[in-house]
Amino acid sequence: LSVLRVSVSASQQRLHDLRVLEFGAGNGMVGEELKRPGVSRLVRVDILPEALDATLRDRPEVYDVFYVMDFTKLNDSEREELRSWSFDCLVSVAALGFGDIPPMAFLEAFNTITDGGWVGFNIKETFLDTRDSLGFSQLIRNLIFSEYLDLYRLQRYRHRYSIEGEPLYYFALSGKKNADVPTSFIYPLGLPS
């Protein structure tokens, strides 16, 4: 979140003016951090009803609205409801690239925010390594170098230590969305939808 905060501040915008969609929100820990400095609106979405249960149990006051949705199967009504929020920021922390969120679901969330909106997320260090041939890794590398996203910051950091005591590194990214990513963007990569 610090990478996103720095980018927003450097652009002369204010974090508390943003309408944030937290994607893969889990139990709401990240939402709690976003709420501290204040954001205009904060909406959580996760595919798991259990994640909603945990949020309602531990952090019921953090979000304006709670959604349990599968972003690979959104219908027109759900898309319209999400777009009615006019999200200008997408945040996803510790949720991307582990097989939990398909590439198509991430692109659907990306396309939900307005053009010119902020994007902030973190990924394992290996996802930017060209030797990583996983679909999500390819998607992220291609998105970073595409016309759909202007990358503002890319910062490597120690995320945690493994059970064996080895440091595990991640990258935190922030940028601005230029335009919706077409569905055809993922197919040349051979990614499952």
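Higher on the page you've got the structure.
Residues numbered from 1 in each chain as written. Predicted model: local features only at pLDDT ≥ 70, side-chain atom pairs only at ≥ 80, totals over all residues. Heavy atoms only, no water.

J.: Help me understand the overall build of the protein chain, please; the structure alone is not making it clear to me.
T.: In terms of helices and strands, the protein chain carries six helices and seven strands. For the protein chain, the N- to C-terminal ordering of α and β elements is α-β-α-β-α-β-α-β-α-β-α-β-β. Computed over its C-alpha atoms, the radius of gyration of the protein chain comes to 16 Å, within 12% of the 16 Å expected for a compact globule of 193 residues. Dimensions of the protein chain, computed from the C-alpha atoms along their principal axes, are close to 40 × 40 × 40 Å. When burial is assessed residue by residue, the protein chain has 47% of its 193 residues classed as buried. Contacts in the protein chain between residues at least 24 apart in sequence constitute 63% of all its contacts with a sequence separation of at least 6. Summed over its atoms, the accessible surface of the protein chain is roughly 9,600 Å², and 50% of this surface lies on carbon and sulfur atoms. Of the charged side chains in the protein chain, 21 are positive and 27 negative; the average position of the first set lies 5 Å away from that of the second. (Helix = DSSP H or I, 4+ residues; strand = E, 2+ residues; numbered from the N terminus. Rg over C-alpha atoms; globule rule 2.2 N^0.38 Å. Buried < 20%, exposed > 50% of the residue type's maximum accessible area, 1.4 Å probe, protein only. Contact = heavy atoms within 4.5 Å. Areas by Shrake-Rupley, 256 points an atom, 1.4 Å probe, with all protein chains shown as cover. Lys, Arg positive; Asp, Glu negative; His and termini not counted. Charge placed at Lys NZ, Arg CZ, Asp CG, Glu CD.)

J.: Is there a simple way to explain the nonpolar core in this structure?
T.: Counting 38 residues, the largest nonpolar core has F23, F71, L90, F106, F110, F121 and I123 as the members making the most contacts within it. Among the secondary structure elements, those contributing two or more residues to this core are β1 (19-23), β2 (41-46), α5 (103-112), β5 (118-124), α6 (135-144) and β7 (167-177). For this core, the leading source of residues is α5, giving six residues. Once residues within four sequence positions are removed from consideration, F106 is found in contact with F23, L90, L96, I101, F121, F136, L139, I140 and L143. Grouped together as the second largest cluster of nonpolar side chains are 15 residues, V8, L15, V30 and V91 included. (Core = buried A, V, L, I, M, F, W, Y, C linked by side-chain atoms within 4.5 Å.)

J.: It is not clear to me how the packing of aromatic side chains should be interpreted in this structure. Could you clarify?
T.: To describe a pair of aromatic rings, you give the distance between the ring centres and the angle between the ring planes. One pass over the structure, following the stated rule, counts seven aromatic pairs. Each ring, one from W85 and one from F87, has its centre 6.2 Å from the other, and the planes form 10°; the classification is stacked. With respect to burial, W85 and F87 carry one shared label: buried. Ring geometry for Y148 versus F185: centroids 5.5 Å apart, planes at 85°, classification edge-to-face. Of the two residues, Y148 sits in the loop between α6 and β6 (149-161) while F185 sits in the segment after β7, which places them 37 residues apart along the sequence. Judged by relative accessible area, Y148 falls into the buried class, the value being 14%. A cation over a ring is seen here: R156 above Y169, with NZ or CZ 3.8 Å from the ring centre. (Phe/Tyr/Trp six-rings, centres within 6.5 Å; stacked < 30°, edge-to-face > 60°. Lys NZ or Arg CZ within 6 Å of the ring centre and 35° of its normal.)

J.: Sorry if this is basic, but what is going on with the pairing of β2 here?
T.: Looking down a regular strand, the side chains alternate between one sheet face and the other. In terms of residue burial, β2 counts as a mostly covered element, since five of its six residues are buried. Relative to β2, β1 runs parallel, the two being bridged by five bridges. For V20, the partnering residue across the bridge sits in β2 and is L42. As for the winding sense of the linkage, the β-α-β connection from β1 through helix α2 (residues 29-35) to β2 is right-handed. Relative to strand β3 (residues 65-68), β2 runs parallel, the two being bridged by four bridges. Bridge pairing links V43 to V65 in β3. Considered for its hand, the β-α-β crossover made up of β2, helix α3 (residues 49-58) and β3 is right-handed. (Pairing = 2+ DSSP bridges. Right-handed = clockwise from strand over helix to strand, strands pointing away.)

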